[in-house]
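Single-letter residue listing:
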Amino acid sequence: SVPSLAASGDFLQCLSSSIPSERVLTPSSPSFTSVLVSSIRNPKFFTPTTVRPLCIVTPTNASHVQAAVLCGRRHDVRLRVRSGGHDYEGLSYRSERPEVFAVVDLANLRAVRVDRAAGTAWVDSGATVGELYYAVAKAAPGLAFSAGVCSTMGLGGHISGGGMGMMMRKYGLSIDNVLDATLVDANGRLLDKEAMGSDLFWAIRGGGGGNFGIVLSWKVRLVPVPPTVTFSNIQKTIDQGAANAVTKWQALAPALPEDLSIRVIVQNQHALFQTLYLGGCSALVRAMSSLFPELGMTRADCREMTWLQSTVYINSGDTETPVETLLNRTTSLSTFTKNKSDYVKQAITKDTWEKIFPWFNSSAAGIMILEPHGGRVGSIADGDTPYPHRSGVLYNIQYVAFWTGNGTDGPNWISGLYNFMEPFVSKNPRGAYVNYRDLDIGENTVVGGVTSYETGKVWGESYFGANFQRLAVTKGKVDASDYFRNEQSVPPLLSRK
Ligand code: FDA
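The rules behind the values
Residues numbered from 1 in each chain as written. Predicted model: local features only at pLDDT ≥ 70, side-chain atom pairs only at ≥ 80, totals over all residues. Heavy atoms only, no water. Domains from an automatic or database assignment. Buried area = accessible area lost by both parts, 1.4 Å probe. Salt bridge = Lys/Arg side-chain N within 4 Å of Asp/Glu carboxyl O. Polar contact = N/O pair within 3.5 Å; in protein donor to acceptor, adjacent residues only side chain to side chain. Axes fitted to C-alpha atoms, helices over the stretch in contact; angles between N-to-C directions. Helix = DSSP H or I, 4+ residues; strand = E, 2+ residues; numbered from the N terminus. Parallel < 35°, antiparallel > 145°, perpendicular 65-115°, else oblique. Left-handed = near helix turned anticlockwise from the far one by under 90°. Contact = heavy atoms within 4.5 Å. Near = heavy atom within 4 Å. Areas by Shrake-Rupley, 256 points an atom, 1.4 Å probe, with all protein chains shown as cover. Core = buried A, V, L, I, M, F, W, Y, C linked by side-chain atoms within 4.5 Å. Buried < 20%, exposed > 50% of the residue type's maximum accessible area, 1.4 Å probe, protein only. Pairing = 2+ DSSP bridges.

Quick word on the domain arrangement of the chain
Item 1. Each assigned domain of the chain is listed here: domain 1 (5-108), domain 2 (112-224) and domain 3 (228-304 + 333-441).
Item 2. A straight line from the C-alpha centre of domain 1 to that of domain 3 covers 36 Å.
Item 3. In total, domain 1 and domain 3 occlude about 1100 Å² of area from one another, counting both sides; carbon and sulfur atoms represent 58% of this.
Item 4. Among the residues domain 1 hides against domain 3, the three largest losses belong to Pro 43, Tyr 88 and Glu 89. Together they make up 51% of the total.
Item 5. Our enumeration of links across domain 1 and domain 3 arrives at 2 salt bridges.
Item 6. Across the salt bridge formed by Arg 437 and Asp 87, the nearest N and O atoms sit 2.8 Å from each other.
Item 7. For the pair domain 1 and domain 3, the interface holds 8 residue pairs in polar contact (both at pLDDT 80 or more).

Thoughts on the packing of helix 4 (residues 129-139) against helix 11 (residues 307-316)
When two helices pack together, their arrangement is captured by the angle between the axes and the distance separating the axes.
Item 1. The contact between helix 4 and helix 11 brings their axes to 9 Å, and the two run at 160°. The orientation of helix 4 relative to helix 11 falls into the category roughly antiparallel. Once helix 4 is placed against helix 11, the crossing between them reads as left-handed. Taken together, the residues of helix 11 that come into contact with helix 4 (itself represented by Tyr 133, Tyr 134, Ala 137 and Lys 138) are Trp 307, Leu 308 and Thr 311.

Considering the site of the ligand
Item 1. Lining the immediate surroundings of the ligand are 31 residues, of which Val 81, Ser 83, Ser 92, Val 215 and Tyr 433 lie closest.
Item 2. Between an oxygen atom of the ligand and a main-chain N or O atom of Gly 154, the distance comes to 2.8 Å.
Item 3. Here His 158 contributes a side-chain N or O atom positioned 2.9 Å from an oxygen atom of the ligand.
Item 4. Taking 960 Å² as the accessible area of the ligand by itself, protein coverage stands at 94%.

Some points on the nonpolar core
Item 1. Ile 204, Phe 273 and Trp 353 are the most contacted members of the largest nonpolar core, which totals 119 residues.
Item 2. Residues lining this core come from more than one domain, with at least three contributed by each of domain 2 (112-224) and domain 3 (228-304 + 333-441).
Item 3. Setting aside chain neighbours within four positions, we find Phe 273 in contact with Ser 232, Asn 233, Ile 234, Lys 236, Ala 245, Val 246, Trp 249, Ile 262, Arg 263, Val 264, Phe 292 and Leu 295.
Item 4. Ranked by size, the runner-up nonpolar core spans 26 residues in total, among them Leu 15, Ala 68, Ala 186 and Ile 214.

Side note on the sheet that holds strand 8 (residues 178-184)
Item 1. Judged by pairing direction, the sheet is antiparallel, and its 5 strands sit side by side in the order 5-6-10-8-9 without closing on themselves. Two strands lie at the open edges of the sheet, namely strand 5 (112-115) and strand 9 (190-191), each paired on one side alone.
Item 2. Looking at chain direction, strand 8 and strand 10 (residues 214-221) are connected through 6 bridges and run antiparallel. Residue pairing in the sheet places Ala 181 in a bridge with Trp 218 of strand 10.
Item 3. Here helix 3 (residues 62-75) sits on the sheet and contacts strand 8, strand 9 and strand 10; the angle it forms with strand 10, its principal contact strand, is near 140°.
Item 4. Sheet strands touched by helix 4: strand 5 and strand 6 (120-124). Its angle to strand 5, the strand with the most contacts, is close to 35°.

As structure tokens, this is what we get:
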């Protein structure tokens, strides 16, 4: 139900009794728009018709978050929590449906406390992946964290949904390295792992953001990296045998030694093979010449650097880019994008790759990123965390379409490609990665004030497989009235079906 304007007024009044007024921005506040837009990347979620929040709460303290939840419950105003704002459907700051809601923006809660001796860190959800990488490498050289490739992502959403990156084959996803967390639940209580209980602690490690409460901080296990790693970018055009190389890569990459990760970006009639090796150039070139001679890697393809530099280099392609770039949180409204995902369990034949490559001709609207699984990420049992895409998965596919203005080429291209790929990817259900959120695979219906389990199952089993039911049962225990709700939130299941 849409609360009345009076309820909104009562909500704001309630906030003002527990939160300093400068921490609550309403549309009449001078900085409302700049704070709202500060972490929006996709212009399609910042238009005159976008359903925007009633206010933005910018907490500097856990008690502010607790107060926002308590006031929201009391006055029937929902909250959407935002850490880095990278949600592909913008669900952390906009609503698809008319709804009165407030945003809790955690950007100011971003401390990182590294315990070098213990090899752990406590990091606040509002910190970015880049801030964590930087803080860890500076405080504890030789240690690192296993997470994704884009440095401006918020850890709140990123860890909530999994956290795939270049070291997952050796160390698992981000969620596989979470040791404890603090969370404000739907009753406004501040809980740690022990107080949460095992189901809730299981659910927040991969069950997707925005479902179970507001995670304020994470205690993570840091992982060892050598002083020198090697990065390499090798591009093969179609004429240089790209289809052949990608065909071979599919079964090879998930089975490589765990220090060696090769991901592939398919675009503009070529495949770019990006390699991170946790070691020096000589050993890498030796390994590649016997395992993957099709790439023809030589010493000239190697860039030796620190692990921290590699997290910058993978995006910049330039060894001169300073590592301080990781601290830059600024994102800007740039191109319109649409993302979708798949998992591949059986290698796609070369004949089929020859039909896939033409989708990426010079006028194509997008790219495809292939992330190898296997190794540690593949050896954890499917039910140990909500992320079910483990054993037997060769790789994840992310499709990305880009466009400007009101064009329809991007959306048409990506849906055409997604349909084309159906026979070649995981099925029953067709898998998808919750951090690559995609509302096309299903949106919830609310029945009698609560999200319906049946409508949630449609998209939920794609993201979580058999883990979806346990997530819904957990939701039923910790948020039975479905307070933390959005178009694709886990529905509460009150009795096992
Ligand atoms: P945002 O703040 O938008 O939140 C995402 C969701 O989590 C929302 O539903 C939100 O309400 C909820 N949420 C946020 N903070 C929360 C908190 N503290 N407690 C509970 N719920 C919370 N992924 C990946 O695995 N590997 C990669 O390499 C990349 N690369 C990448 C590049 C780019 C350019 C983008 C835009 C995205 C990616 N991603 C990715 C996907 C990324 O992991 C995903 O979008 C994350 O949810 C982003 O987290 P944010 O905190 O930035 O998002």
